[in-house]
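Remarks on the overall topology
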Amino acid sequence: MEERADLDAAAGAIADPVRREILLMLHAEPRTAGQIAGAFAISRPAVSRHLRVLREAGLVRDVADGRRRVYTLVAGPLGDLSGWLDRFRRPTAWDRHFDALETEVHRTRRARREATSDDQKREIA
């Protein structure tokens, strides 16, 4: 049940476009709360609430650096969410082509092994 709660928290956190933009910013590099707030045309308290939602969902971590708070991305919950979403993706045409290629490679290898084995048996006889 805890895993589901983590997925729900991550999905809820990324539902807001401001929070998604914050995650993109933090993907590039850690940033202070002031740097993050400066990128938006909303109040600092509103940005602080968004950061709290991301922190509670386990998507960001903050560390005190003197009087500043530095935020970093924690990608683990996003990977878990991505893995869950993968169950709903249909195989692409490329996936099917690669599967067919893999099958053909295995058939060719098997045929070569069998041909080599037959040649060795004839040499012995």
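Residues numbered from 1 in each chain as written. Predicted model: local features only at pLDDT ≥ 70, side-chain atom pairs only at ≥ 80, totals over all residues. Heavy atoms only, no water.

Turning our eyes to something else, we now look at the nonpolar core. Counting residues in each nonpolar core, the largest one holds 19 residues, and the members touching the most others are Ile-22, Ile-36, Phe-40, Leu-54 and Leu-59. Elements with a contribution of two residues or more to this core: α1 (2-13), α2 (17-28), α3 (33-38) and α4 (44-56). With 5 residues, the single largest contributor to this core is α2. Setting aside anything within four residues of it in sequence, one finds Ile-22 in contact with Ile-36, Phe-40, His-50, Leu-51 and Leu-54. (Core = buried A, V, L, I, M, F, W, Y, C linked by side-chain atoms within 4.5 Å. Buried < 20%, exposed > 50% of the residue type's maximum accessible area, 1.4 Å probe, protein only. Helix = DSSP H or I, 4+ residues; strand = E, 2+ residues; numbered from the N terminus. Contact = heavy atoms within 4.5 Å.)

Within this structure, the stated rule accounts for 6 salt bridges. For Glu-104, the salt bridge goes to Arg-107, with nearest N and O atoms at 3.7 Å. With Glu-104 and Arg-107 both in helix α6 (residues 93-124) and 3 residues apart, this pair spans about one turn of that helix. Residue classification places Glu-104 among the partly exposed positions, given a relative accessible area of 41%. Each of Arg-55, Asp-62 and Arg-69 takes part in one network of salt bridges that share partners. (Salt bridge = Lys/Arg side-chain N within 4 Å of Asp/Glu carboxyl O.)

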